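So you can see what is in the structure, the chains are spelled out below.
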Amino acid sequence: MKQNICILGATGSIGTSTLDVIRQHEERFSVFAVAAHSNVERMVQICHQFQPARVVMGTESACEQVKNQCLGMDIEFTYGIEAMSNIAADPQVDQVMAAIMGFAGLAPTLAAIRTGKRILLANKESLVTAGSLFMQEVEKHGAVLLPIDSEHNAIYQCLPQFTEGARGEMLHHVEKVLLTASGGPFRELSKREMSHVTPEQACKHPNWSMGRKISVDSASLMNKGLELIEACWLFDVEPKDIEVVIHPQSIVHSMVSYKDGSVLAQMGNPDMRTPIAYGMAWPERITADVAPLDLMAIAQLDFFAPDYERFPNLSLAADAWYAGGSAMASLNAANEIAVDAFLKGQIGFLDIAEINSQVLEQSEIYSVTGLDVVFEADKIARKAANDLVKHKVYL
Ligand code: NDP
Ligand code: MG
């Protein structure tokens, strides 16, 4: 039986890699529904290549433009976040690739979870901001949650019994989770040098080709901070159980250290098609056109401790986790605003962590009793971060 896939964020980097894996296995997977925000040109291409049944764009105008370039095709076109939730929850969909960038992905990802489907989770911000609720809903609706973020996918693969439901028992044998990080393009820069970097330099990741927001997050180590929180929710651990390890080659995607001294690592070339193919075919394995790992050519694997002083976002994420409740939503919202302002040239690179820190510090923390609490915390933190960007009072 062919699996019907819905791709939220189809025009992005993860969306493109997902479509590539589907193209390699057309007998097994079919693109049923796709969603994106405003990239009309790419969405038109996707429609012509994959002929999905449903297409959702972020705005009416983007939707009309795509529709006008796909005349005569049997596709239902709609727009808006509610329509994205509807396609994610469509009973004809078997798997949902959650790859919208940022907090905007939360509602459609939750809609998919509530129908008990297989969720391929790339959109880490949705788990970071609404973690407790998110995991409760996964449990309640029996959704299969497979992490696509390469580190979490690696940890998942290194916890084999975890996938068979022996979660508590397996974690009992774990000493530490070793979360690897490339260190990003500014790994060796001083703070002074980092104060002058441009968005183009920040988006030039040494090993991975990704969207602009996550590229900046990788450069500021906020991505690792978000991943720290993501790992806590996914694997039922705390920041104290996780050691962040800088590994510039991005070959070891993360590790699990067991009490008997064994350390299991998952390795591979840095290519997101590996975790995507893993998630789509799980528990089977399929080809993904990823180059085989040539250890002789790589020759050397390095590991270092992170520098928390030059990269304060990492500690901020742990602080937000321990603060609990809505603190993680506040930190994430501040970061989304700060990264956007940096990409627009409104603030400097180091200002991102400064804004994150100030917003986290001044945010009131509420217990996450419902989604409304998360949306409210997000809204308040966005306003606070925007005020800081506007008035630059943190300088
Ligand atoms: P991109 O910026 O390349 O793509 C983002 C996608 O989300 C695009 O399809 C974009 O549509 C869509 N989108 C953005 N805003 C909205 C919105 N408000 N409503 C609906 N759709 C929206 O990002 P990536 O693919 O790199 O990352 C996507 C997610 O996956 C992020 O959460 C990221 O952290 C995570 N991730 C990515 C990895 C990577 O290697 N790229 C690795 C691990 C995790 P449009 O193009 O029309 O604007
Ligand atoms: Mg990652």
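Here is a short report on the structure shown in this document.

Calculation rules
Residues numbered from 1 in each chain as written. Chains lettered and ligands numbered in written order. Predicted model: local features only at pLDDT ≥ 70, side-chain atom pairs only at ≥ 80, totals over all residues. Heavy atoms only, no water. Helix = DSSP H or I, 4+ residues; strand = E, 2+ residues; numbered from the N terminus. Buried < 20%, exposed > 50% of the residue type's maximum accessible area, 1.4 Å probe, protein only. Contact = heavy atoms within 4.5 Å. Areas by Shrake-Rupley, 256 points an atom, 1.4 Å probe, with all protein chains shown as cover. Lys, Arg positive; Asp, Glu negative; His and termini not counted. Charge placed at Lys NZ, Arg CZ, Asp CG, Glu CD. Pairing = 2+ DSSP bridges. Axes fitted to C-alpha atoms, helices over the stretch in contact; angles between N-to-C directions. Near = heavy atom within 4 Å. Polar contact = N/O pair within 3.5 Å; in protein donor to acceptor, adjacent residues only side chain to side chain. Nonpolar A, V, L, I, M, F, W, Y, C, P; charged D, E, K, R; others polar. Domains from an automatic or database assignment. Salt bridge = Lys/Arg side-chain N within 4 Å of Asp/Glu carboxyl O. Donors = N, O, S within 2.8 Å, 3.2 Å for Na, K, Ca; no water.

1. What to know about the overall build of the chain
Tallying secondary structure elements over the chain gives 18 helices and 11 strands in all. Projected onto its principal axes, the C-alpha positions of the chain cover 55 × 55 × 45 Å. When the 395 residues of the chain are sorted by exposure, 57% land in the buried category. If you take every contact in the chain between residues at least 6 apart in sequence, the share linking residues at least 24 apart comes to 68%. Element-wise, carbon and sulfur atoms account for 50% of the exposed surface of the chain, whose accessible area totals about 16900 Å². Looking at charge distribution, the chain has the averaged site of its 31 positive side-chain charges lying 3 Å from that of its 48 negative ones.

2. Here we look at the sheet that holds strand β8 (residues 174-181)
If you trace the four strands from one edge of the open sheet to the other, you get β9-β8-β10-β11, paired in mixed fashion. Two strands in the sheet have a free side with no partner beyond their single neighbour: β9 (242-246) and β11 (263-267). Taken over all neighbouring pairs, the strand axes of this sheet differ in orientation by 20° on average, direction set aside. Those strands touched by helix α7 (residues 150-158) are β8, β10 (252-258) and β11, and its axis lies near 40° from that of β10.

3. Regarding the site of ligand 1
Close to ligand 1 lie 25 residues; T11, S38, N39, E125 and G211 are nearest. Contact between ligand 1 and S13: an oxygen atom at 2.9 Å from a main-chain N or O atom of the residue. Relative to its unbound accessible area of 890 Å², ligand 1 is 86% covered by the protein chains. Of all the elements in the fold, those that place two or more residues in the shell around ligand 1 are α1 (13-24) and α6 (124-141). Counted by class, the shell around ligand 1 contains 12 nonpolar, 10 polar and three charged residues. Formed jointly, the shell around ligand 1 draws a minimum of three residues from each of two domains, domain 1 (3-147) and domain 2 (149-315).

4. Concerning the environment of E125
Following the sequence through the fold, E125 ends up in helix α6. By relative accessible area, which is 6% here, E125 ends up buried. E125 sits 59 residues away from V66 along the chain, and the two C-alpha atoms are 28 Å apart. Look past the residues within four positions of E125 in its chain and what remains in contact with it is G102, F103, K213, N332 and E336. Side-chain polar atoms of E125 contact the side chain of K213, separated by 2.8 Å.

5. Some details on the sheet that holds strand β7 (residues 144-147)
Read from one edge to the other, the open sheet built from seven strands follows the order β4-β3-β2-β1-β5-β6-β7, with strand pairing classed as parallel. Each end of this open sheet is capped by a strand with a single partner; those strands are β4 (76-79) and β7. Averaged over all pairs of adjacent strands, the angle between their axes in this sheet comes to 25°, without regard to strand direction. Sheet analysis places strand β3 (residues 54-57) next to β4, joined by four bridges and oriented parallel. Bridge assignment links V55 to a residue of β4, and that residue is F77. Against the sheet, helix α5 (residues 106-113) makes contact with β1 (3-8), β5 (95-98) and β6 (118-121), and its axis sits at roughly 150° relative to β6, the strand it touches most.

6. A short note on the pattern of salt bridges
Scanning the model with the defined rule gives 24 salt bridges in all. The salt bridge partner of R23 is D20, with a shortest N-O separation of 2.5 Å. Of this pair, R23 and D20 both sit in helix α1, three residues apart, which is roughly one turn of that helix. Among the charged side chains, a network of salt bridges with common partners joins D20, R23, D271, R273 and D289.

7. As for the coordination of the magnesium ion (ligand 2)
Taken together, D149 (OD), E151 (OE) and E227 (OE) make up the protein donors of the magnesium ion (ligand 2), found 2.0 to 2.2 Å from the metal. Here the donor residues for the magnesium ion (ligand 2) map to a single chain with the spacing D-x1-E-x75-E. Of this pair, D149 sits in the loop between β7 and α7 while E227 sits in helix α12 (residues 222-235), placing them 78 residues apart in sequence. E227 matches D149 in its accessibility class, with the two residues each being buried.

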